[in-house]
Amino acid sequence: MRRDGIDRTGEMSAFLAVITAGSLAGAARRLGLTPSAVSRIVSRLESRLGVRLIVRTTRSLRLTAEGEAYGRAARRILADLDETERALADQGRPRGRVRVSTATAHGRLVVVPLLADFAALHPEIVVEIDLSDELADVLGGRADVAIRFGPLADSPLTARRLGDTGRTVVASPAYLARAGTPQAPADLAAHNCLDFSFRRIEPGWPFRVGGQDHLLAVQGSMRANNGETLVQLALAGVGITRVGNFHITEELAAGRLVPLLAPFNPGDREAIHAVFVGGAAMPARVRVLVDFLAERMRGNAGW
């Protein structure tokens with residue numbers, strides 16, 4: 001970063017080396033320079049800025065308030081520059097780290113089984129996957145890609161639709177043998193319905209009755225903040241639940257859960273998106289992962 005013959009990035013690197021090492025001699029060893037050369041760089045920087053950045057004694061260095069402010073700015077600028085250079089270099093051969101955040105059950109059942117193929121295709125990309133039902137802060141740098149369900153809030157992030165999932169009302173054979181099988185949505189009033197504990201856009205379970213869609217309020221003894229827990233409770237015979245199809249593909253196929261009220265299913269679908277920081281500087285490692293997930297997840301008709 002030169003302007004008017006001044007190597008600003010070199011000055012920043014030298015100044016940060018002094019801060020990190022705690023001495024001119026230590027910074028000189030890090031940079032492969034002499035202590036006098038490092039001292040001249042810092043003095044030249046202070047002279048150009050017109051402020052004292054470091055108070056030097058025979059035994060120690062102490063940053064002034066201006067020095068602390070300059071150090072923070074230098075770290076941020078050099079980190080941004082480093083990230084931009086890595087992103088541009090990645091365009092030829094994707095490599096580096098991609099941090100992915102997704103809901104616990106979706107990650108375990110859908111995303112993780114796909115990663116072996118991705119690793120084979122892109123051996124130089126390291127995927128760090130965080131399975132959590134908390135929303136990761138992509139803008140804040142806590143994740144590179146977050147997989148989210150349902151409508152998206154307004155955001156400067158870029159969103160790529162990966163697919164969608166339907167929902168099914170299910171219960172275990174043991175529960176139905178004990179409590180009976182509901183034949184119509186109204187019958188659910190006599191059953192233990194296991195629902196999500198967080199606030200949803202639709203405050204109830206939707207059904208289509210007589211060609212019209214209706215929301216039915218349900219009640220039960222247990223609620224949970226994730227579908228995997230609801231599935232476990234249903235498998236244990238606690239009650240009836242309504243969850244995304246990706247949760248229950250294996251359970252339905254094995255007969256451990258039974259679909260209910262199929263003639264009244266409204267066919268609603270919940271969109272699944274990958275959200276990330278887009279734009280020209282988007283690293284190729286992020287792009288190829290999002291492309292891979294979109295291709296593999298969109299082709300899964302079982303959801």
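Residues numbered from 1 in each chain as written. Predicted model: local features only at pLDDT ≥ 70, side-chain atom pairs only at ≥ 80, totals over all residues. Heavy atoms only, no water.

Naming follows an unreviewed UniProt entry, where the chain appears as HTH-type transcriptional regulator DmlR of Methylobacterium organophilum.

### Topic: the side chain of R242
Mapped onto the elements, R242 comes out in strand β13 (residues 240–244). Polar side-chain contacts of R242 include one of 2.7 Å to the side chain of D268. Contacts of R242, omitting those with residues within four sequence positions, involve R167, T168, V169, L194, F196, W205, P206, N265, P266 and D268. (Helix = DSSP H or I, 4+ residues; strand = E, 2+ residues; numbered from the N terminus. Polar contact = N/O pair within 3.5 Å; in protein donor to acceptor, adjacent residues only side chain to side chain. Contact = heavy atoms within 4.5 Å.)

### Focus: helix α7 (residues 227–235)
For an α-helix, 3.6 residues make a turn, and residues three or four places apart therefore share a direction. Those residues of α7 not exposed but buried are G227, E228, L230, V231, L233 and A234. Among the structural elements, α5 (104–121), β9 (193–196), β12 (223–224), β13 and α8 (245–254) are those in contact with the buried residues of α7. (Buried < 20%, exposed > 50% of the residue type's maximum accessible area, 1.4 Å probe, protein only.)

### Some thoughts on the environment of R99
Within the secondary structure, R99 is located in strand β5 (residues 96–102). For the pair R99 and L31, spaced 68 residues apart in the sequence, the C-alpha separation amounts to 31 Å. Those residues in contact with R99 that lie beyond four places of it in its chain are E128, G141, R142, A143, D144 and V145.

### Digging into the side chain of T102
Within the element layout of this structure, T102 appears in strand β5. When its relative accessible area of 2% is taken as the criterion, T102 is described as buried. Among the polar contacts listed, one links the side chain of T102 to the side chain of H106, at a separation of 3.2 Å. Those residues in contact with T102, other than ones at most four positions away along the chain, are G107, V111, I129, D130, L131, S132 and I147.

### Regarding unusual backbone geometry
Phi is positive for L261, which is not a glycine, with a value near 55 degrees. In this structure, L261 sits in the loop between β14 (258–260) and β15 (269–276).

### A closer look at the environment of G279
Along the chain, G279 turns up in the loop between β15 and α9 (284–298). For the pair G279 and L157, spaced 122 residues apart in sequence, the C-alpha to C-alpha distance is 9.5 Å.

### As for the pairing of strand β6 (residues 125–131)
In the sheet, β5 pairs with β6 via seven bridges, with the strands oriented parallel. What sits directly across from R97, in β6, is V126. On the question of chirality, the crossover connecting β5 to the parallel β6 by way of α5 is right-handed. (Pairing = 2+ DSSP bridges. Right-handed = clockwise from strand over helix to strand, strands pointing away.)

### A look at the pattern of salt bridges
Working definition: two side chains of opposite charge can pair if their charged atoms are close together. The full count for this structure, using the stated rule, is 14 salt bridges. Between R48 and E11 there is a salt bridge, with its nearest N and O atoms 2.5 Å apart. Of this pair, R48 sits in helix α3 (residues 35–49) while E11 sits in helix α1 (residues 8–21); the two residues are 37 residues apart in sequence, bridging distant segments of the chain. Given a relative accessible area of 4%, E11 falls into the buried group. Here D268 ties to R242 by a salt bridge, and the two come within 2.7 Å at their closest N and O atoms. Linking D268 in the loop between β14 and β15 with R242 in strand β13, this pair joins segments that are 26 residues apart in sequence. On the accessibility criterion, D268 (17% relative accessible area) is buried. Classification of R242 by relative accessible area gives buried; the value is 6%. What emerges from the salt-bridge pattern is a single network uniting R167, R242, D268 and E270. (Salt bridge = Lys/Arg side-chain N within 4 Å of Asp/Glu carboxyl O.)

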